Amino acid sequence: MNIKTQHYLGACLSAVMVFVVGVALFVASQHLNRVLDRYHFASDIATGISELRYVMSEYVLHRHERARVQWQQRHDTVATLLASDSFEGADQQRIVSVLREHLQDLKETFSRLTRHYASGGYGRSDPAETASSRELEARLVGRLEATSQEMISATFRLKRESDADMESTQRWVNMLVMLAITV
């Protein structure tokens, strides 16, 4: 093989490797963008749930209509986020499904709590009814707290899975670049 052919093959091989590395980096970049979107989605859900908990606590303490309206607005925001999820894996879809179920449970429980307060709460003359009313309130508030905590834990599982996706994509890109440099 003459020198001209060797240079030609070397140039072609170099061009092919540059093209392959470029395509791989483009694909990895697109994948990382999707993973980051999912990570931000999970963060937004966690923030929304935390805000729900805060407003719920304010409502329980003060029973202002403003807090009830804010709770409903934040609930609707989280429901909208969960309706537009961007998760692809079966485990991630299962977690999002559980989050949707928990969000529905939160809504129903909060509605029961607001109805309880609207019906008079502990403003009853009978001590037995007052104790029963306080017990119902404690159970409802406890259920709201427990469900919202489960939702926050689930969003952190989503974030951990997104982190793992990012790490595996980064390892894949690093291996590809090292392979290209070696070749």
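Here's a quick rundown of the structure.

What counts as what
Residues numbered from 1 in each chain as written. Predicted model: local features only at pLDDT ≥ 70, side-chain atom pairs only at ≥ 80, totals over all residues. Heavy atoms only, no water. Helix = DSSP H or I, 4+ residues; strand = E, 2+ residues; numbered from the N terminus. Buried < 20%, exposed > 50% of the residue type's maximum accessible area, 1.4 Å probe, protein only. Contact = heavy atoms within 4.5 Å. 1 Å grid on protein atoms, 1.4 Å probe; cavity = no way out; pocket = protein on both sides within 12 Å on 5 of 7 lines; lining within 4 Å. Points joined across faces, edges and corners; volume = space filled by probe spheres on them. Nonpolar A, V, L, I, M, F, W, Y, C, P; charged D, E, K, R; others polar. Phe/Tyr/Trp six-rings, centres within 6.5 Å; stacked < 30°, edge-to-face > 60°.

Another aspect to go through is the environment of Thr 147. If you trace the backbone, Thr 147 turns up in helix α4 (residues 127-182). By relative accessible area, Thr 147 is classed as buried at 6%. Along the chain, Thr 147 and Asp 105 lie 42 residues apart, while their C-alpha atoms are 7.8 Å from each other. Filtering out sequence-adjacent residues up to four positions away, Thr 147 remains in contact with His 102, Asp 105 and Leu 106.

What follows deals with empty space enclosed by the protein. Evaluated as defined, the whole model comprises one cavity of 30 Å³ or more. In this structure, the largest cavity spans a volume of roughly 40 Å³. Lining the largest cavity, in full, are Leu 52, Arg 53, Met 56, Trp 71, Leu 106, Leu 144 and Ser 148. Among the elements of the structure, α1 (3-62) and α4 are those that each provide at least two residues to the lining of the largest cavity. With three residues, α1 is the largest single contributor of residues to the lining of the largest cavity. Of the residues assigned to the lining of the largest cavity, the class counts are five nonpolar, one polar and one charged.

Next up on the list: the packing of aromatic side chains. Throughout the structure, instances matching the rule amount to three aromatic pairs. Seen from their ring centres, Tyr 59 and Phe 110 are 5.3 Å apart, and the 55 degrees between their planes marks the pair as tilted. Of this pair, Tyr 59 sits in helix α1 while Phe 110 sits in helix α3 (residues 90-118), and the two are 51 residues apart along the sequence. Accessibility expressed as a relative area gives 3% for Phe 110, which makes it buried. Where Trp 71 meets Phe 110, the ring centres are 4.0 Å apart and the plane angle is 10 degrees; that geometry is what we call stacked. Here the residue Trp 71 occupies a position in helix α2 (residues 65-83), and Phe 110 occupies one in helix α3, the gap between them amounting to 39 residues. Taken individually, Trp 71 and Phe 110 each receive the classification buried, so the pair is uniform in this respect. Of the aromatic side chains, those joined through ring pairs into one cluster are Tyr 59, Trp 71, Phe 110 and Tyr 117.

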